[in-house]
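One letter stands for each residue in the lines below.
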Amino acid sequence: MVKKRNRKKATSSQPKTSRFTFSKQNKIIAGSLIMLLSIALGIAFVSFFFTWQQDQSTLSEFVDRNAEAQNWLSKFGAQLSNIFIYKGFGLAAFIFVYLFFITGLNWFMGLGKAKLINRWIWGILGIIWFSVLFGFFGSRAPLLGGVVGYEMNDFLQDYAGKAGVILLLLFGLIVFAVKKLKTTPEKIGDYLSGVSENIKKDFRRTPRKTESTTTAEQGPVISDIPGRPSPFETALERQTPSSEYSKIDKTSDVDIENSFEVKIAEDEDSATASKTSSSKSRTAASQQNDDIEIEVEKIKEEKEATEILSEKLVQDFGEFDPKLELSNYKFPPLDLLNDYGGQGGITINQEELEENKNRIVETLKHYKIDISQIKATIGPTVTLYEIIPEAGVRISKIKNLEDDIALSLAALGIRIIAPIPGKGTIGIEVPNKKPTTVSMRSVIASTRFQNAEMELPVALGKNISNETFVADLAKMPHLLMAGATGQGKSVGLNAILTSLLYKKHPAEVKFVLVDPKKVELTLFNKIERHYLAKLPDTDEAIITDNTKVINTLNSLCIEMDNRYELLKNAMVRNIKEYNAKFKARKLNPNDGHKFLPYIVLVVDEFADLIMTAGKEVETPIARLAQLARAIGIHLIIATQRPSVNVITGIIKANFPARIAFRVTSKIDSRTILDSQGADQLIGRGDMLYTQGNDLVRLQCAFVDTPEVAKITDFIGAQKAYPDAHLLPEYVGEESGTSLDIDTEERDALFREAAEVIVNAQQGSASLLQRKLKLGYNRAGRIIDQLEAAGIVGPFEGSKARQVLIPDLYALEQFLANEETEN
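Let us look at the structure shown here.

Scoring rules and cut-offs
Residues numbered from 1 in each chain as written. Predicted model: local features only at pLDDT ≥ 70, side-chain atom pairs only at ≥ 80, totals over all residues. Heavy atoms only, no water. Helix = DSSP H or I, 4+ residues; strand = E, 2+ residues; numbered from the N terminus. Buried < 20%, exposed > 50% of the residue type's maximum accessible area, 1.4 Å probe, protein only. Contact = heavy atoms within 4.5 Å. Salt bridge = Lys/Arg side-chain N within 4 Å of Asp/Glu carboxyl O. 1 Å grid on protein atoms, 1.4 Å probe; cavity = no way out; pocket = protein on both sides within 12 Å on 5 of 7 lines; lining within 4 Å. Points joined across faces, edges and corners; volume = space filled by probe spheres on them. Nonpolar A, V, L, I, M, F, W, Y, C, P; charged D, E, K, R; others polar. Patch = residues over 30% accessible without salt bridge, like charges linked within 9 Å, V, L, I, M, F, W, Y side chains within 5 Å. Areas by Shrake-Rupley, 256 points an atom, 1.4 Å probe, with all protein chains shown as cover. Phe/Tyr/Trp six-rings, centres within 6.5 Å; stacked < 30°, edge-to-face > 60°. Lys NZ or Arg CZ within 6 Å of the ring centre and 35° of its normal. Expected span 1.5 Å × (residues − 1). Axes fitted to C-alpha atoms, helices over the stretch in contact; angles between N-to-C directions. Left-handed = near helix turned anticlockwise from the far one by under 90°. Pairing = 2+ DSSP bridges. Parallel < 35°, antiparallel > 145°, perpendicular 65-115°, else oblique. Polar contact = N/O pair within 3.5 Å; in protein donor to acceptor, adjacent residues only side chain to side chain.

Per the secondary structure count, the protein includes 28 helices and 15 strands. For the protein, the residues scored as buried account for 42% of the 822 residues in total. Relative to all contacts within the protein whose residues are 6 or more apart in sequence, the contacts with residues 24 or more apart total 69%.

In structure tokens, the structure reads:
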């Protein structure tokens, strides 16, 4: 016991070192003090120019309390003003007011140091420059430049004269214009040339009276309407994210911003080695380099000639406009869409909020879980209750109470997010008793969608904060949708297509629509010659036959290869750069270059294609998903059966963006999202969206069939292209027909299929499907070709066909004789 006490005494006797840290609270206090000080300086400086003569006598009597000063801040203001203005920098001292205020605001807001230091450097230089300038022109009025400005002018004029001082001031102005304002001689020349041209145009015009009216356009002001005050401490969020909790202050005392530093090391060894190797190679192959330089010079001359020609074309004709052929095209108006939810507002049911809050708190108390803070965020479909448990409560304990909370609230679709990513809270999503319908009109009319600077903006709906959620399909770059029957997949597809129709011109995007159901996408037939793409020599642009689906997918692969060849020849990396170069007339159409629209492939029921076509569909889909992003081909695939044999690993790996509507099991949720949650949705457009990171719960925008019909009627009634956008022609490998003995028209897998049949001594199409991973249609046609060639016998009902060739050696002899005869 004595030893233990001695140890404690020894440890307690050691000196404790404390490190002073400027915490967030201290920064706020210091920042507010500095801002108030800057305001006081400004008041004192302004007053000084009216009262400085009367206050000269009181400056020496600063300690005397009976002495009175006329300055608005009394003796304190008179003394500071005399130091900064009269004995200091004159009028330039007002820059100190700005610098002190910015410093205080920076500390108050907790901003970075880099910009603040930069402003102080330029501010000090500006103070010196203005002081010298005012001292030069106001030598008789010392208040303009102060003692510093007067003395610096006197010193400089003794050595450089007045002309030298003027040149120094001009040099300082040039430095400021170049470094701070980014002014260049080119910009000045362009500005002067523009002014001269405007003057010439004004002289050429005949004088006439014109009336000029000035209009100021202001965008819609969106104001948050606060809800009624809640009896419990709940922050009701509607349009903007919630503020920080008022009761909990967990500000760290460590200044992370000032202590963290990142340095990027330069690889000097590699740079030195590359210089040494380049010098040696230059010495060893000087003659060869001369020849290369000549070739390079020729290429440069050709490139310069091309650029000059393109600039000349742009000057004469302007940039190429892909919309010129349909220049009078009008986008569909918002009146074609219905407004189901008023103006997109949410009705706050205070009783429901209070009741759910009490039940959540009561249920958690039953399990001895105390809460320190709770607030609610009301969405169109669900309300998110964010809670902060007391210290020491395990998150997993709350996560395991999901079913108990659902039982106490008597509601479906309870989802617990523990913790919420980026926040120190736990979220409990509770469905609203009266959900609000999110109309497509409110989403399309939102400022976020209208001002979206995206290549392919897609308005999916509204999130839990009632904010419009807009994603860029070009950056996804492919989208996988899944959900049980009747949960909103077809409405989601219509919402995506409607978003693109409201935002993109027919020259900018084309759709390839695959509809195995034959009824979901038929309305878009009306805009075939505006927006749809199809194979040559096909009657309908919307594909419903599985054979045409296979040909279309392979045709898109050919289109992808052709586009990559164009990008390679144009020396660009993606479709955006290519189209920009083509619009600038830097690519010659005679070399095969053309404007490339985005192509969006939409498959409404992917599971049906996999069941009937198998690998013939999966292979081109996977190839497009892997490679087609850069050349503007994007895939949207929807399925109601998200099983692993439909959504395979190859497909999932290339579809990072996924939308999950309500599914029936947790296994299906893991298949589509790699996590649970989709099985806890409430249906009717309630969905989870992920782009490879966090899950976002959204309410899908609702667009009804009559609305889509009105939109397609409006577009279809306008002037269109002569035909739909034609994809490259694809000649299928399965071009052999029934009972066709022409060897040149047989299927490419004919020999391999014959070996499988002869080796197994069983002539059936299902065997070829399993062994060669073919669709039923292609396997059946190969069986017909084998019958025509005499390898298998005729159809015998439920029995397998008889194989007429005994072994592989006999098959080789048979095929060799057949080739000799032909």
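Once the structure has been displayed, the description carries forward.
Scanning all chains against the criterion turns up 24 salt bridges. For R441, the salt bridge goes to D335, with nearest N and O atoms at 3.8 Å. Here D335 lies in the loop between helix 10 (286-317) and helix 11 (350-366) and R441 lies in helix 14 (residues 440-444), a separation of 106 residues in the sequence. The salt bridge involving K652 is made with D674; its shortest N-O contact spans 2.8 Å. In this pair, K652 sits in helix 22 (residues 649-653) while D674 sits in the loop between helix 23 (666-673) and strand 13 (686-690), placing the two residues 22 residues apart along the sequence. Since its relative accessible area comes to 16%, K652 is described here as buried. Residue D674 is classed as partly exposed on the basis of its relative accessible area, which comes to 46%. The network of salt bridges with shared partners includes R415, E429, D686 and R697.

Another aspect to go through is the environment of I124. Structurally, the position occupied by I124 is in helix 5 (residues 114-137). Apart from the residues within four sequence positions on either side, I124 is in contact with F96 and L99.

What follows concerns empty space enclosed by the protein. Counted under the stated rule, the structure contains four cavities of 30 Å³ or more. By volume, the largest cavity amounts to about 70 Å³. Considering the residues around the largest cavity, the lining is formed by 11 residues, among which T547, I550, E616, N777 and R778 are closest to the centre. Secondary-structure elements contributing two or more residues to the lining of the largest cavity are helix 18 (546-570), helix 20 (606-613) and helix 27 (776-789). Here the lining of the largest cavity is composed, by residue class, of two nonpolar, five polar and four charged.

So, about a nonpolar patch on the surface. A cluster of nonpolar side chains, contributed by I28, L36, I39, I43, V46, F50, W72, F101, L105, F108, M109 and L111, occupies part of the molecular surface with about 1,100 Å² of accessible area. Those elements that place two or more of their residues in the nonpolar patch are helix 2 (24-51) and helix 4 (94-109). Top contributing element to the nonpolar patch by residue count: helix 2, with six residues. For M109, the location among the structural elements is in helix 4. With a relative accessible area of 53%, M109 lands in the exposed category.

With that out of the way, let us pick up the packing of aromatic side chains. Enumeration according to the criterion identifies 18 aromatic pairs in this entry. Measuring from ring centre to ring centre gives 6.3 Å for F48 and F49, while their planes differ by 80 degrees; the resulting arrangement is edge-to-face. Here the aromatic cluster, defined as three or more aromatic residues joined through ring pairs, consists of F45, F48, F49, F84, F89, F94, F96, F100 and W120. K503 extends its terminal NZ or CZ atom over the ring of F449, reaching a point 5.4 Å from the ring centre.

Look at helix 16 (residues 489-503): 22 Å from first C-alpha to last across 15 residues, which is about the 21 Å you get at 1.5 Å a residue. Burial analysis of helix 16 places 13 of its 15 residues in the buried class, which makes it a mostly covered element.

This part takes up the packing of helix 25 (residues 750-760) against helix 28 (residues 808-821). Interaxial distance between helix 25 and helix 28 falls to 10 Å at its minimum, and their mutual angle equals 145 degrees. Note on packing geometry: the crossing formed by helix 25 with helix 28 is right-handed. Where helix 25 abuts helix 28, its residues F750, R751, A754, E755, V758 and N759 lie against L808, L811, E812, L815 and E819. Class assignment for the residues of the contact of helix 25 with helix 28 results in six nonpolar, one polar and four charged.

What follows concerns the sheet that holds strand 13. Reading across the sheet, the nine strands line up as 6-5-14-13-12-7-11-10-8 and stay open at both edges, with mixed pairing between neighbours. Of all the strands in the sheet, just strand 6 (468-472) and strand 8 (509-514) have a single pairing partner and so form its edges. Here the average twist between neighbouring strands, direction ignored, is 30 degrees. Helix 20 rests against strand 8, strand 10 (598-603) and strand 11 (633-639) of the sheet, and its axis sits at about 90 degrees to strand 11.

Glancing now at the pairing of strand 5 (residues 457-463). In terms of burial, strand 5 is a largely internal element, seven of the seven residues being buried. Bridge count between strand 5 and strand 6: five bridges; the pairing is antiparallel. Bridging across to strand 6, K462 finds its partner in T468. In textbook terms, the turn of a hairpin is the stretch between consecutive antiparallel strands, and for strand 5 and strand 6 this stretch comprises four residues, one of which, N466, has a positive phi near 65 degrees. Bridge count between strand 5 and strand 14 (residues 696-700): three bridges; the pairing is antiparallel.

Where helix 18 meets helix 21 (residues 615-627), the axes come as close as 9 Å, and the angle between the chain directions of the two elements is 25 degrees. With respect to helix 21, the axis of helix 18 lies roughly parallel. As for the relative orientation of helix 18 and helix 21, their crossing is left-handed in sense. In contact with I550, L553, N554, L556, C557, M560, D561 and Y564 of helix 18, helix 21 contributes E616, V617, P620, I621, R623, L624 and L627. Here the residues of the contact of helix 18 with helix 21 are counted per class, giving 11 nonpolar, one polar and three charged.

The next thing to look at is the sheet that holds strand 3 (residues 415-417). Across a sheet, paired strands are connected by hydrogen bonds in the backbone, their directions being either parallel or antiparallel. Overall, antiparallel pairing links the four strands, which are arranged 1-2-4-3 in an open sheet. Both edges of this open sheet fall to strand 1 (371-378) and strand 3, since each of them pairs with a single strand only. Each neighbouring strand pair of the sheet contributes to a mean axis angle of 20 degrees, computed without reference to strand direction. The pairing of strand 1 with strand 2 (residues 382-389) spans seven bridges and is classified as antiparallel. Pairing of T377 across the sheet is with L384, part of strand 2. Of the strands in this sheet, strand 1, strand 2 and strand 4 (426-431) are in contact with helix 11, which crosses strand 2 at around 40 degrees.

A few words now on unusual backbone geometry. At the junction of M476 and P477, the peptide bond is cis and its omega measures out at -10 degrees in the coordinates. The phi dihedral of M571 falls on the positive side, at around 60 degrees, and the residue is not glycine. Along the polypeptide, M571 turns up in the loop between helix 18 and helix 19 (575-583). A residue is classified by how much of its surface remains accessible, and M571, at 67% relative accessible area, is exposed. Backbone geometry places D674, a non-glycine residue, at a positive phi of 65 degrees.

With respect to the element layout, E528 can be found in helix 17 (residues 528-531). Its relative accessible area of 16% is what places E528 among the buried residues. In terms of polar contacts, E528 uses its side chain to reach the side chain of K534, at 3.0 Å. For E528, the contacting residues outside a window of four places in its chain are K534, D539, A541, D723 and A724.

For the rest of this paragraph, the subject is the pairing of strand 7 (residues 479-482). Alternating residues of strand 7 divide into L479 and M481 and L480 and A482, and every residue in both groups is buried. Note that strand 7 and strand 12 (residues 657-660) share four bridges and pair parallel. Its bridge partner lying in strand 12, L480 is registered against R658. Here strand 7 pairs with strand 11 via four bridges, running parallel. Across the sheet, the residue bridging to L479 is I636, located in strand 11.

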